[in-house]
Amino acid sequence: MYFPLYNISKFQNQKTDCLFYNESTADSPLWSDEGCQKANETDTITVCTCNHMTAFAVLMVPIKGIDSKNWEILSVISYIGSGLSAAFTAISVLMYFIIRNPKQDHSTTIHVCLSAALYLLNMSFLLNEWLASMNQDAICKAIAILMHYFLLCCFSWMAVEAIHLYFLMVKVFNTYIRHYIAKLSLLGWGIPVLIIGISVCVRNDFYGSIGVTIHSTNQDSKICWIVNQTFFYALNLCYFAIIFLFNTGILITVAAKIAQLRRFGSSLQNRRAVWKDVFTVFGMSCLLGTTWGLAFLGFGIFTIPVLYLFSIFNSLQGFFIFMWTCASSRSKKLKNPETKNTNIGGELSSLSNQETCIYPGIQISTYQ
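- With an unreviewed UniProt entry as reference, the protein chain is termed AGRG6 protein, source organism Polyodon spathula.
- The annotation that UniProt attaches to the protein chain under Subcellular location (unreviewed entry) is "Membrane".

Considering the packing of helix H3 (residues 137–169) against helix H6 (residues 274–288)
Alright, step 1. Between H3 and H6, the least distance of the axes is 7 Å, while the angle of their chain directions is 130 degrees. When the axis of H3 is compared with that of H6, the two are oblique. Counting all contacts with H3, which are made through Met158, Glu161, Ala162 and Leu165, the residues of H6 involved are Met284, Leu287 and Leu288.
Alright, step 2. Residue classes in the contact of H3 with H6 are distributed as six nonpolar, no polar and one charged.

Side note on unusual backbone geometry
Alright, step 1. Non-glycine residue Asn135 carries a positive phi angle of around 60 degrees.
Alright, step 2. Given the relative accessible area of 55%, Asn135 is considered exposed.
Alright, step 3. At His179, a position not held by glycine, the phi torsion is positive, near 50 degrees.
Alright, step 4. When you line up the elements, His179 lands in the loop between H3 and helix H4 (180–202).

Here we look at the packing of aromatic side chains
Alright, step 1. Across all of its chains, the model carries 22 aromatic pairs by this definition.
Alright, step 2. Seen from their ring centres, Tyr207 and Phe231 are 6.0 Å apart, and the 80 degrees between their planes marks the pair as edge-to-face. Of the two residues, Tyr207 is situated in strand S7 (residues 207–214) and Phe231 in helix H5 (residues 229–263); the sequence distance between them amounts to 24 residues. Considered together, Tyr207 and Phe231 belong to a single accessibility category, that of buried residues.
Alright, step 3. Here the aromatic cluster, defined as three or more aromatic residues joined through ring pairs, consists of Phe88, Phe282, Phe313, Phe319, Phe320 and Phe322.

A few points about the environment of Phe150
Alright, step 1. Tracing the sequence through the fold places Phe150 in helix H3.
Alright, step 2. Each C-alpha atom of the pair Phe150 and Pro192 lies 8.1 Å from the other, and the pair is 42 residues apart in sequence.

As for the sheet that holds strand S4 (residues 36–41)
Alright, step 1. Strand order in the open sheet formed by three strands is S1-S5-S4, with antiparallel pairing between adjacent strands. Bordering the open sheet on either side are strand S1 (2–4) and S4, each of which pairs with just one other strand. Across the sheet, the mean angle from the axis of one strand to that of its neighbour is 30 degrees, orientation sign disregarded.
Alright, step 2. Where S1 meets strand S5 (residues 45–50), three bridges bridge the pair, whose relative direction is antiparallel. By the bridge assignment, Phe3 is partnered in S5 with Thr46.

Conventions we followed
- Residues numbered from 1 in each chain as written.
- Predicted model: local features only at pLDDT ≥ 70, side-chain atom pairs only at ≥ 80, totals over all residues.
- Heavy atoms only, no water.
- UniProt positions renumbered as here; feature names shortened; annotations may be inferred.
- Axes fitted to C-alpha atoms, helices over the stretch in contact; angles between N-to-C directions.
- Helix = DSSP H or I, 4+ residues; strand = E, 2+ residues; numbered from the N terminus.
- Parallel < 35°, antiparallel > 145°, perpendicular 65-115°, else oblique.
- Contact = heavy atoms within 4.5 Å.
- Nonpolar A, V, L, I, M, F, W, Y, C, P; charged D, E, K, R; others polar.
- Buried < 20%, exposed > 50% of the residue type's maximum accessible area, 1.4 Å probe, protein only.
- Phe/Tyr/Trp six-rings, centres within 6.5 Å; stacked < 30°, edge-to-face > 60°.
- Pairing = 2+ DSSP bridges.

Take a look at the structure:
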């Protein structure tokens, strides 16, 4: 059936849909798309195909997805942010191995591991659409599995950052853990391997090529990702929700401790500016991945604004961590030029006998 269209451009945030008048509903008849689909559409006509004979029509309905303009802007933000993050996280990892210091503290090592996970995630994201266009099922499934693994690794290393921050800022005294970095690496890299391995062994059709449609233009694009929506939400949301709640609790605890340090500073000269505290908390929120929690707020009228914030903060997370690492290194050199770095699980079993700069502007003092 061919339906002519008139003045279609004046309908903003709406799209055409092929519907029929369903009189079989119990109380009130409803327009339904059951058995009907849109076969083709131009600026002047819509072609519908249906497998039954009833009263048909083409109606204007609100767009539930993202319109083409916002989709294009969000795509540009995501690709630029991911490209910047990939570049700066690669620099962080290379600098770590080139100028590696045997006495380097564990904070830097953990930051670099998180940067490496973000680099791999960003690169798999940047290559995803190109690999999906090859129409090779094996390649698409492989990149989807790798991208999912790197995503879980990022979440895991954010949890590791929170655990390490807890030992440094909350449980300061008498902390000694053998093979500290090895155990954290097993947590950061090993748990995602276990999850992905079990998932692939249970069913091999969780991953593949999926189509993404821009509703206002009906343009389709393919990406390699999780095709089973139940598996996607059950695993990713549950896994991240646990980490998000834990990391948010650690962030709130550390922020309260920073406020305590500001309030009970030994002198006015040692009290830090407010903007430094804000910078510190924002930097830690990037390390702990609390900005990923914006995904829980994307509903209703908040969908588009939250998507913009989500795309900006999370695509640039690697860049923010690079800036944070540089500021942390500079702060350590300026405030403790002769102080040895502190290693949890290293030669020192307590932080109580020294004053150490751990993060930009945060110090562990003996009065704690």
